[in-house]
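For reference, the chains in residue letters:
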Amino acid sequence: MEIYYIIFGLIAILSVFGLIVGVSNDACNFLNSSIGSHAGTYNQTVCVAAIGVILGACFSSGMMAVARNGVIEPEMFTFHEVMLLFLAVMVANIILLDTFNTLGLPTSTTVALVFSLLGAAIGMAIFSSNSFFTCPLLEYINEEKCLQMILAIFASVAIAFVVGTVVMWIARLIFSFRFKKAYRYIGPLWCALAFTAISYFIIFKGLKGSVFKGDIEALTQHYNIWAIVGVMALSWVIISALLQYICKINTLRIAVLAGTGSLALAFAGNDMVNFIGIFMASKDALFFPGVTPHTNMGTVLAGDGAAASLHYLLASGAIMVTALFLSKKARKVTETELKLSSSNTGKERFGSSQPARMLVRYTINTVRFFERITPKPIAEFVSKRFAPLTPEEETGANYDMIRASVNLTLAALLISVGTDLGLPLSTTYVIFMVSMGSSLSDRAWGRDSAVYRITGVLTVIGGWLITAIAATLAALLVALVMGYGGTWGIVIMMIIAAGLLIKSTFFAKESKANYTIVDVNKDSSMHAFAAAAAGRLGRMIGIYKAMVSALLEEDRDALNRLRKKARSIKRDIEAVRENEVLPALAGIPKNLADRGQLIFRITEISSNTAERLLTIVKAAFNHIDNFHAGLEEDQGKDLLLLNEKIGSFYPDLLDMLKAGDYAGVEAKLAGRSQLGDDFGDCITRHLMHGDADESSMRNGILYLTLLNETRAMVSHAFALIERIKEVYED
């Protein structure tokens, strides 16, 4: 039995990692609204959430029905198989969640747990029956629960998005973006509504399944639930009015922070099963009196089991709070959702996609249709209420506290309704989609950003669906390896899991890019920007020279490396444009417009130069990668000669510019005409060659491509040098 104590120890260690990784993923659920609206700083919001997490941990009863028998049929497994199954679930679950957190994508820990259980159960069923094709899988898994989970996922995503969109539209129609005036009159009613929903959420969702479960049920049996809600609402109206009018306190900020704490409480009180449920179930199995490797688990894991010890729950809460304060991945996942909800423009995290473009196109057409049929007075009233803030009125927040209160209140209500209906809703799904719906209704997704924001939402939703598939397959594979591999299978999978966790935790690649917005009012900033552009030009010329040598030597590996470097430079220039140039051009004074135009032209010319270089290197690589014959001797000599001339005009260029030797720069630029003639002569000699065999034709296509693209690249390079010279001359 010693091996099972080792397995139990491994499950305990992985449970600790699960708490850390899981809270990194789920932190965005209850942190984003407060941080995004500036109701509190990150540390203040985390402190409020930490209180909610600790309280939720204390209130949680630890009923681990999902882990025990919610997905698997325990009577079909022996103790040995169940312990391997639980270990496989933990290994697959941790790796999966850590991968999503590293990518900065929120996902559902509930789905990860349930489908890891499903995959591990299938793997153990195959191992138990020793049959892959004839295994009676439906006897080993609770297919009804799995189907219910899948249906609830799609329902919660759609309902949360639609409700978030509609309610936020109504709220904005009432308050507008300049909400302070209206809030003076109806602020107590709005906050009372939010406080009532939050109170209902804490009492009937956060404390449901806790040690107070009996008291809550007794309360609802003796008193009408709507009467209780009415008393709460009236009480909160009075309290909110006193706080706002007498104490002069910003009740909206309190409502947002209170909502943050309530969601954190419910998260810890109800979702902790996702992190320690397997540990508690394996503990019950291991310490069951008289258990042996062949003991049937039907009796051991039947029912809900005993409530978890308060010591385990408090320890779990402490680990989660520590992770909240220290986890960099929690900040990264939070950044993803805030970026998608933000009304601020700038660099988008996600690119464009065809489904997103189609949705935006159809949405714009639909909006235009309703604009045509809406009476003009109504349209003007709505337009006025949705008029955005001017740059002078902006506070720098991702969104205001009206939207933050809507996000928290709606999420609380929807999760409460889902619980009452017995639907296994995911807090991640509901909160994220409410946030996306409210941001859409709030017109945070303008025409310039809608495609990218929708692509981001589709990416996250796709990630949720991938979670289910990946969790099932990963747990299935791990279970099979452990089942058939025995002790060595366990050792191999644990080494793989440990290696991946250590790599992502301690050796994750950090972004080295450090962008500084160009200050067009300072010569030093302009010169630094020009010097960086000149440096990138030097790197591009270096890549071109190395490409010619690698092509003549038919060195595929070298060409592949150069292709990656050329692509990297292209991405660097795009990042500079998004992070340094475009922000500098926003609101630029008229007297500095010439400087703004200059840095924009430098960026665009640099991008065109890099695009030509990438085309050249890709053409050379594809030629060699397809095993085509190398260039002919005369073609090689011409390329080497041109290569030497191209490389000759860059050395000392930056030093000349810094020293003010503009005459030397002009002398180098004067050689462009002769270089253009050299390209023309090379093309003429090749066309007069006239060979028509297949090898010569392929070489000819490559050679002409190289000459034409190089001529275009050099032309852009000369133009870039002239623009850089203008910066220094200015």
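Quick notes on the nonpolar core
Among the nonpolar cores identified, the biggest contains 119 residues, and Leu85, Phe86, Leu87 and Met482 are the most heavily contacted of them. It is helix 4 (residues 79–103) that contributes the most residues to this core, 16 residues altogether. The residues touching leucine 85, leaving out its near neighbours within four places in the chain, are Ile72, Phe77, Leu117, Ala120, Ala121 and Met124. In terms of nonpolar packing, the next biggest core, distinct from the first, is built from 61 residues, Met547, Ile646, Ala717 and Ile721 among them.

A few points about the packing of helix 19 (residues 523–552) against helix 21 (residues 593–625)
Packing of helix 19 against helix 21 leaves a shortest axis separation of 11 Å and a crossing angle of 15 degrees. Taken together, the axes of helix 19 and helix 21 lie roughly parallel to each other. Pair helix 19 / helix 21 crosses with left-handed handedness. Where helix 19 abuts helix 21, its residues Asp523, Met526, Phe529, Ala533, Leu537, Met540, Ile543, Tyr544, Met547 and Leu551 lie against Arg595, Ile599, Ile602, Thr603, Ser606, Thr609, Ala610, Leu613, Ile616, Val617, Ala620 and Ile624.

Quick word on helix 19
Between its terminal C-alpha atoms helix 19 stretches 44 Å, which fits the 44 Å expected from 30 residues at 1.5 Å a residue. At the C-terminal side of helix 19, glutamate 554 shows a positive phi close to 55 degrees.

Some thoughts on the environment of cysteine 682
Here cysteine 682 lies in helix 25 (residues 672–689). Here the alpha-carbon distance between cysteine 682 and aspartate 638, two residues 44 residues apart in the chain, equals 6.8 Å. Residues in contact with cysteine 682, not counting those within four places in the same chain, are Asp638, Leu642, Tyr703 and Leu707.

Some points on the side chain of arginine 536
Inspection of the secondary structure puts arginine 536 in helix 19. For the buried residue arginine 536, which engages in no salt bridge, the nearest side chain bearing the opposite charge is glutamate 580, 5.9 Å off. In this structure, arginine 536 is in contact with Ile573 and Val576, ignoring residues within four places of it in sequence.

Focus on the pattern of salt bridges
Going through the model one piece at a time under the given rule, you end up with 11 salt bridges. Here lysine 570 makes a salt bridge to glutamate 611, at a shortest N to O gap of 3.5 Å. One end of the pair, lysine 570, is in helix 20 (residues 556–585); the other, glutamate 611, is in helix 21, with 41 residues separating them in the sequence. Between glutamate 604 and arginine 577 there is a salt bridge; the shortest N-O distance is 2.8 Å. Taken as a pair, glutamate 604 in helix 21 and arginine 577 in helix 20 lie far apart in primary sequence, 27 residues in all. Using a relative accessible area of 24% as the deciding quantity, one classes glutamate 604 as partly exposed. Each of the salt bridges in this network shares a partner with another, and the network as a whole consists of Arg556, Asp557 and Asp625.

Examining the packing of aromatic side chains
The geometry of an aromatic ring pair is captured by the separation of the ring centres together with the interplanar angle, meaning the angle of the planes. Applying the stated criterion to the full structure yields 10 aromatic pairs. Relative to phenylalanine 287, the ring of tyrosine 5 has its centre 6.2 Å away and its plane inclined at 70 degrees; by these criteria the two rings are edge-to-face. Remark: phenylalanine 287 occurs in the loop between helix 11 (273–286) and helix 12 (310–326) and tyrosine 5 occurs in helix 1 (residues 2–36); sequence separation between them is 282 residues. Between phenylalanine 8 and phenylalanine 287, the ring centres sit 5.8 Å apart and the planes meet at 90 degrees, which makes this aromatic pair edge-to-face. Separated by 279 residues along the polypeptide, phenylalanine 8 in helix 1 and phenylalanine 287 in the loop between helix 11 and helix 12 bring together distant segments of the chain. Linked through ring pairs, Tyr5, Phe8, Phe279 and Phe287 together constitute an aromatic cluster. Looking at arginine 172, its charged tip hangs above the ring of phenylalanine 177, at a distance of 4.2 Å from the centre.

Topic: the packing of helix 19 against helix 20
Following both chains from N to C, one finds helix 19 and helix 20 inclined at 165 degrees, their axes separated by 9 Å at the closest point. In this view, helix 19 runs roughly antiparallel relative to helix 20, as classed from their interaxial angle. Classified by chirality, the crossing of helix 20 by helix 19 is left-handed. Across the interface between the two elements, Phe529, Arg536, Arg539, Met540, Ile543, Ala546, Met547, Ala550 and Leu551 of helix 19 pack against Ala558, Leu559, Leu562, Lys565, Ala566, Ile569, Asp572, Ile573, Val576, Glu580 and Val581 of helix 20. By residue class, the composition of the contact of helix 19 with helix 20 is 15 nonpolar, no polar and 5 charged.

What about the confidence of the model for the protein chain?
Averaged over every residue, the pLDDT of the protein chain is 78; residues scoring 70 or more account for 78%. At the level of individual helices and strands, the protein chain shows its lowest average pLDDT in helix 13 (residues 328–341), which scores 57, and its highest in helix 21, which scores 91.

Looking at the environment of leucine 242
Position of leucine 242 relative to the elements: it lies in helix 9 (residues 225–246). A sequence separation of 54 residues divides leucine 242 from proline 188, and the C-alpha atoms of the two residues are 8.7 Å apart.

Conventions used here
Residues numbered from 1 in each chain as written. Predicted model: local features only at pLDDT ≥ 70, side-chain atom pairs only at ≥ 80, totals over all residues. Heavy atoms only, no water. Core = buried A, V, L, I, M, F, W, Y, C linked by side-chain atoms within 4.5 Å. Buried < 20%, exposed > 50% of the residue type's maximum accessible area, 1.4 Å probe, protein only. Helix = DSSP H or I, 4+ residues; strand = E, 2+ residues; numbered from the N terminus. Contact = heavy atoms within 4.5 Å. Axes fitted to C-alpha atoms, helices over the stretch in contact; angles between N-to-C directions. Parallel < 35°, antiparallel > 145°, perpendicular 65-115°, else oblique. Left-handed = near helix turned anticlockwise from the far one by under 90°. Expected span 1.5 Å × (residues − 1). Lys, Arg positive; Asp, Glu negative; His and termini not counted. Salt bridge = Lys/Arg side-chain N within 4 Å of Asp/Glu carboxyl O. Phe/Tyr/Trp six-rings, centres within 6.5 Å; stacked < 30°, edge-to-face > 60°. Lys NZ or Arg CZ within 6 Å of the ring centre and 35° of its normal. Nonpolar A, V, L, I, M, F, W, Y, C, P; charged D, E, K, R; others polar. pLDDT = per-residue confidence, 0-100.

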